[in-house]
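Observations on the model geometry
For reference, the chains in residue letters:
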Amino acid sequence: MAYIRLLLASTIAGGSAFVLPFSSQNPLAIEDSSFKCDLPPILDPSSDGLPSAKSLFSSQEALHKQVERHSAIVQVPSVCWDDMGEIDEDPRWNPFYRLLPTLQKSYPKVNERVKLETINKFGLLYTINGTDPTLKPTLLMAHQDVVPVADPSTWTHPPFSGYFDGEWIWGRGSSDDKNSLTGILSAVEALVSNSDWNPRRTVLLAFGFDEECTSNRGAGPISDLVRERYGEDSLAIIVDEGGAGTPPLDDKVLYVHPAITEKGYINLEFKLHARGGHSSVPLPHTSIGIISELVVALEENPYEPVILPNSPIHNRLVCQARYSPGTQPEVEAKLKEGDFKGLAEEYASTSSLARYVVQTSQAVDLIEGGVKINAMPEVVTVTVNYRVAHHERPVDVQHRAVKVISEVVEKYNLRVEAYKGDKEYDGYLRNLELAHEQGQVAHLDLKRDIEVDYNGTLVISAPFKAEPVTPSPVTGGVWEVFSGTIQHSFAVEDKVVIPIGDVMTGGTDTRHYLGLTPNVYRFTPAVNRGLGNIHTVDERVNIHDHLQAVRFYYDLIRNLDVADV
């Protein structure tokens, strides 16, 4: 006797910008059809009389200081594993005890002059109180933890060496996300070291320590304290890690893409139970063989790219067509024709990153099964990670997974228990059935609770809806300050700098801070962030990009301090 059961851990976070597939509503219609990508003015903060960012962070002396600071924290192996135990019990938390002393040594003025609160042992909340309590605070974020290293021997330089080769600082976390951590603290160290700096606006720095493994211990409790202290809709802006720049379309324009939203998130765990026995007399198909067919079925049915009218990516392409005309003729033609299906396919074909900005991703990341080479496996588990595009919901992924594996289920006469106790899934199915009855859905083909010889389980953990889209008006508001600062900080001779909102494919700690402000930007301030080596071998950051990040944070804090937003 065997079965497949589908269960749900029903923690849902994020906005409610989702509808059923048969709805005519558009969840991403945040701009009207008159969007033309006009730029707000460049904002130079020099009127405050402080030293310029360029004068402070462009010399060889500044470069070597940043190498020293950044290498020091990269050398701390603050790895967060998915199965981390309690802080006082799991020895894998021990390296985190070294991080704060390292930061205190690298940033003596911050340590001396800025209020620090430690939350849940390793979470850090710095507060610089402003003189005008009517101004909403600025919140800058980063995380201290990094992902594990699979095999240190495959790295060019040891993964926790912080090695500097004259251009790159190498090491796990050098880019994701200690680059932001060092950049923010270096900017604040320069500001608090200047006796002439007396900020009007309160500045908060929030550094979680488990973003790579749920963030429930770090960003969650920190955000709870901020919410308790300041209330809902109490912050002017939140800036966390995220989108950067893209390869140039021409030699006249530099596009910079802060993410103004991020995709949803859900994990599906397929657990197949089957009869065991001695491997010398095997079944025609072991549970590993069967679950392999499930994996093949999933991978042979990828999601399709979708670009909705007036969505962030549509607006991004409008900007590129305006400022770099003729560089993307196929895209421009489809924009002019209003061919959004063709536009999505064309855009998705340009790169893997572009594809998964507009398409739900599906990655089979974990597999486990078998206990002995001469015993057929009785339980096999496969876990699939989905980053859910904005035109879909986590529950859509649940529904589709059951449908995609239905042929394998039928072939092996499996019994499927899908997401038992999940009210949202059950309610969603009922809505589909009603829509089907009313002729709004072409078909509804789910195979559930079949009497079979194999059993299995599909478990869903920690689903999140995609986050609300941050407003990015043409003029006024926080976007004007943010965009104006990017244009100033990234200024390159003979080039126009175009900031335009993008979609974050990964997840960030910002999901814990939603509601504190509508102005949430996920932005690692560098053109060449090195996305290709994040979470893999030879992660590194270019020192000049790192210095650019420091200059940006320094100028953003100053521009926000004089702005009335």
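This text follows the structure it describes.
Residues numbered from 1 in each chain as written. Predicted model: local features only at pLDDT ≥ 70, side-chain atom pairs only at ≥ 80, totals over all residues. Heavy atoms only, no water.

1. Things to note about helix α6 (residues 219–230)
Along an α-helix, residues three or four positions apart point the same way, because every turn accommodates 3.6 residues. Spanning 12 residues, α6 covers 16 Å between terminal C-alpha atoms, matching the ideal 16 Å at 1.5 Å per step. Tucked into the core, α6 has its buried residues touching β2 (115–119), β3 (123–128) and β6 (203–208). One or two positions beyond α6, positive phi appears at G231, with a value near 90°. (Helix = DSSP H or I, 4+ residues; strand = E, 2+ residues; numbered from the N terminus. Expected span 1.5 Å × (residues − 1). Contact = heavy atoms within 4.5 Å.)

2. A short note on the packing of aromatic side chains
Enumeration over the complete set of coordinates arrives at 19 aromatic pairs. Ring centres 4.9 Å apart and planes at 80° place the aromatic pair Y97 and F122 in the edge-to-face group. Remark: F122 occurs in the loop between β2 and β3 and Y97 occurs in the loop between α2 (60–74) and α3 (99–106); sequence separation between them is 25 residues. Ring centres 6.0 Å apart and planes at 90° place the aromatic pair F482 and F552 in the edge-to-face group. With a gap of 70 residues between them, F482 in helix α15 (residues 477–489) and F552 in helix α16 (residues 543–562) connect regions that are remote in the sequence. Overall, the relative accessible area of 1% leaves F482 in the buried class. Clustering of aromatic rings is evident, with ring pairs tying together W479, F482, F490, Y521, F523, F552 and Y553. In this structure, R540 is placed above the aromatic ring of W168, and the distance from its NZ or CZ to the ring centre is 5.3 Å. (Phe/Tyr/Trp six-rings, centres within 6.5 Å; stacked < 30°, edge-to-face > 60°. Buried < 20%, exposed > 50% of the residue type's maximum accessible area, 1.4 Å probe, protein only. Lys NZ or Arg CZ within 6 Å of the ring centre and 35° of its normal.)

3. Digging into the environment of I87
Mapped onto the elements, I87 comes out in the loop between α2 and α3. On the basis of relative accessible area, I87 is assigned to the buried category, the value being 9%. For the pair I87 and K121, spaced 34 residues apart in sequence, the C-alpha separation works out to 8.1 Å. If we skip the residues at most four places from it in the chain, I87 touches W93, Y97, N120, K121, F122, F209 and R217.

4. Regarding the pattern of salt bridges
A full pass over the atoms with the stated rule returns 20 salt bridges. A salt bridge links R558 to D48, with the nearest nitrogen and oxygen atoms 2.8 Å apart. Of this pair, R558 sits in helix α16 while D48 sits in the loop between β1 (3–8) and α1 (53–56), and the two are 510 residues apart along the sequence. By relative accessible area, which is 2% here, R558 ends up buried. Here D48 falls in the partly exposed class, since its relative accessible area comes to 29%. Connected through shared salt-bridge partners, D48, D555 and R558 make up one network. (Salt bridge = Lys/Arg side-chain N within 4 Å of Asp/Glu carboxyl O.)

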